[in-house]
Each structure stands twice: as C-alpha cells, then as structure tokens.
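Residue strings, one per chain:
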Amino acid sequence: MATPQTNLTLIDLYAGTDFVKGIQVSEIEGAPDTLQGYALFAQMRKNHESEKFWQFEILKNEFDFVMFMDSSITKTIPAGYYNYDVVSLHASGVRSLLIRGKINVLPTYTF
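This text gives an overview of the structure that appears in the document.

Procedures and definitions
Residues numbered from 1 in each chain as written. Predicted model: local features only at pLDDT ≥ 70, side-chain atom pairs only at ≥ 80, totals over all residues. Heavy atoms only, no water. Helix = DSSP H or I, 4+ residues; strand = E, 2+ residues; numbered from the N terminus. Buried < 20%, exposed > 50% of the residue type's maximum accessible area, 1.4 Å probe, protein only. Contact = heavy atoms within 4.5 Å. 1 Å grid on protein atoms, 1.4 Å probe; cavity = no way out; pocket = protein on both sides within 12 Å on 5 of 7 lines; lining within 4 Å. Points joined across faces, edges and corners; volume = space filled by probe spheres on them. Nonpolar A, V, L, I, M, F, W, Y, C, P; charged D, E, K, R; others polar.

A few points about the environment of Phe56
For Phe56, the position within the fold is in strand E4 (residues 54-60). Take Phe56: its relative accessible area is 3%, and that puts it in the buried class. On a C-alpha basis, the gap between Phe56 and Phe68 in space is 5.6 Å, while along the polypeptide they are 12 residues apart. Sequence-distant contacts of Phe56, that is, excluding residues within four places in its chain, are made with Leu13, Phe19, Ala42, Gln43, Met44, Met67, Phe68, Met69, Tyr84 and Ile103.

Here it is as structure tokens:
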C-alpha cells in the first residue's frame, strides 16, 4: 500500500506498516548535486524539545536515497503529526540540514 507523494513537506506514515520513501536529490532545493562523500541521518519527533524520537534507516546512492522504517517500529508510534528532518554529514565534517517537514502518522485497522 504505497501512495506516491512528491511533496516532501507532508508525508503520510501508516502505523503498523513498513514505511518506504524514495527521494531524488533533484527534488530538494539547495541540495548538493551528488550525495557522494555524504552520510545521511533522519529522525522524527513531536517537537524539538521531545526526548522521544524514531530514527529512519537510509540507503543512498549518488543521486537519490530511500528512507525506511520497519513495521515493528511504526506500530509503536501513536497517531498524530510529527516533525522530521534529514541531515547530511560531509566527509569534511560539515553537517547540514537537507530537508525537513511533517509526518502524519495514521492508524491502521488491520494490524
């Protein structure tokens, strides 16, 4: 059950299901031309003061990356809106915010 989404400011995540979101670097304003030499990290939390967070796994190549989270983790997230961001870390040590937005966690009724 994957819904194609092109807007990165609001992403739906269905609790209890595997979350997978592919993103091309060309979709991100101000992003580097290539991800070569960068490590990527992503988390979501209710707000910047929240101690509780959920981390996304990221697989990347030179021009795109995939954020994913296993259903065993998404089933622990209460329904509601959360903030997320993706941070890049260059081999030189420079850390930058790549994208940020909201995730709408929606309940599922089958699982």
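Quick look at the layout of surface pockets
Empty space within the second largest pocket amounts to approximately 270 Å³. Gln43, Arg45, Asn83, Tyr84 and Asp85 are, among the 15 residues lining the second largest pocket, the residues nearest its centre. Put simply, the parts of the chain that give the lining of the second largest pocket at least two residues each are strand E3 (38-45), strand E6 (80-90) and strand E7 (95-106). Residue contributions to the lining of the second largest pocket peak at 5 residues, all from E3. For the lining of the second largest pocket, the per-class residue count stands at 6 nonpolar, 6 polar and 3 charged.

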